[in-house]
Amino acid sequence: GKLDPRNLVKPFTVWQMKDRAGVVGKRGVAPLVADLLGRSANARVHLLGHSYGCKVVMAALCGMPEGLRPVESVLLLQPAVSMYAFAETVPERNVPGGFRIGLKRTRRPIVSTYSAQDSALHDGFHLAVRRHGAIHDAAVRRHHPLHPETDPEHRATPVEQHLAADREVPLF
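Here we summarise the structure given alongside this text. Everything numeric in this text was worked out from a predicted model, so none of it was measured.

Calculation notes
Here the residue numbers are simple positions, counted from 1 along each chain's written sequence. In view of the model being predicted, local features appear only for residues whose pLDDT reaches at least 70, and side-chain atom pairs are presented and counted only at 80 or more, with totals across whole chains, interfaces and linings using the full set of residues. The side-chain quantities take in all heavy atoms of the structure and omit both hydrogens and water. Only DSSP runs of H or I covering at least 4 residues are called helices, and only runs of E covering at least 2 are called strands; the numbering of each starts at the N terminus. Relative accessibility thresholds used throughout: buried, under 20% of the residue-type maximum; exposed, over 50%; partly exposed, between the two (1.4 Å probe, protein chains only). The contact definition used throughout considers only heavy atoms, calling two residues in contact when any of these lie within 4.5 Å. Accessible areas in this description were obtained via Shrake-Rupley with a 1.4 Å probe; residue shielding takes into account the shown protein chains only. Here, the term nonpolar core denotes a set of buried Ala, Val, Leu, Ile, Met, Phe, Trp, Tyr and Cys residues that are joined through side-chain atoms within 4.5 Å. Seen with its strands pointing away from the viewer, a crossover is right-handed if its path from the first strand over the helix to the second goes clockwise. Pairs of strands are assigned from DSSP output, requiring at least two bridges between the strands. Angular values range over 0 to 180 degrees, each being the angle between N-to-C directions of two axes fitted as lines to C-alpha atoms, with helices fitted over their stretch in contact. Take the residue count of a helix, subtract one, and multiply by 1.5 Å to get its expected span. By salt bridge we mean one thing: a side-chain nitrogen of Lys or Arg within 4 Å of a carboxyl oxygen of Asp or Glu.

**A look at the overall build of the protein**
Assigned secondary structure in the protein consists of 5 helices and 3 strands. For the protein, the sequential pattern of α-helices and β-strands runs α-β-α-β-β-α-α-α. Across the 172 residues that make up the protein, the buried fraction comes to 42%. Taking contacts inside the protein between residues at least 6 apart in sequence as the whole, the part at least 24 apart equals 73%. Summed over its atoms, the accessible surface of the protein is roughly 10,200 Å², and 58% of this surface lies on carbon and sulfur atoms.

**A closer look at the nonpolar core**
Counting residues in hydrophobic clusters, the biggest one holds 22 residues, and the most contacted among them are Leu47, Met58, Met64, Val71 and Val74. Broken down by secondary-structure element, the contributors of at least two residues to this core are α1 (6-39), α2 (52-63) and β2 (73-77). Broken down by element, this core gets its largest block of residues, 7 residues, from α2. Excluding anything up to four places from it in sequence, Val71 contacts Val33, Leu37, Val45, Leu47, Leu61, Met64, Arg105, Thr106 and Arg107. Of all hydrophobic cores here, the second largest spans 5 residues; its members include Val14, Ala21, Val56 and Ala80.

**Thoughts on the pairing of strand β1 (residues 46-50)**
Because side chains alternate across β1, one face comprises the buried residues Leu47 and Gly49, and the other comprises His46, Leu48 and His50, none of which is buried. Between the parallel elements β1 and β2, the chain passes through α2 in a crossover that is right-handed.

**A few points about the sheet that holds β1**
Spatially, β1-β2-β3 is the arrangement adopted by the 3 strands of the open sheet, whose pairing is parallel. With partners counted over all chains shown, the strands left at the sheet margins are β1 and β3 (111-112), one partner each. Where α2 meets the sheet, its contacts fall on β1 and β2, and the angle it forms with β1 comes to roughly 145 degrees.

**Quick notes on α2**
Side chains of residues three or four places apart in an α-helix project in the same direction, reflecting 3.6 residues per turn. End to end, α2 covers 16 Å across 12 residues, agreeing with the expected 16 Å (1.5 Å per residue, within 8%). In terms of burial, α2 is a largely internal element, 11 of the 12 residues being buried. Residues Tyr52, Cys54, Lys55, Val56, Val57, Met58, Ala59, Ala60, Leu61, Cys62 and Gly63 constitute the buried set of α2.

**Quick look at the pattern of salt bridges**
Enumeration according to the criterion identifies 4 salt bridges in this entry. Asp35 serves as the salt-bridge partner of Arg39, at 2.8 Å between the closest nitrogen and oxygen. Of this pair, Arg39 and Asp35 are both found in helix α1, 4 residues apart, which corresponds to roughly one turn of the helix. Given the relative accessible area of 36%, Asp35 is considered partly exposed.

The following block contains the structure:
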C-alpha cells in the first residue's frame, strides 16, 4: 500500500490520549467517585472502563484520597494501560506498577479482558507508548505513595512538567 502520513502522527496522538485519560481520571472522576463513596455508606460503586476509559478509571481509583472505603468492583475491557500496570515490581525499573495501589482500593479482584483479535491494542498500543516514565501514570505518579520520587533514572516528560506546573497539556 501507499505511505499514509497519518500513520506517522498516530503514535503521538496515542501519547496525548493516554496522558489526557490520566488527567481526566485524577482531576475529574476521582473527586466524583470520592464524593459518592463519602456521601453514602451503603451505595455500592462499580467502575467500568473500555480502552482509554480503563486508564480514566484506574487513575481515578488510584488518585482518590487515602481513607475512603473501597469501591465494590472494577471491570477493565481491553485496557489501554501498560502490561506492568499492576506489577509488584516492574522489570528493569525496580518500582511498582503505576496502578498497583488500586488493588487495595476495591473489595473484589480487578477483572480485565484481553483479545488476541485486538491487534491495535496488543501490537500497536504497547509499541506506541514505550517511552521513559510511561510505566507510571504521569497524573497519578506525583501522589503515588509507592513510587520513590527520588528515582535517579526518572526524567520528567513534557506532560509531567505541565502537570507539575498545574497547566493544561498541549496538543503537541
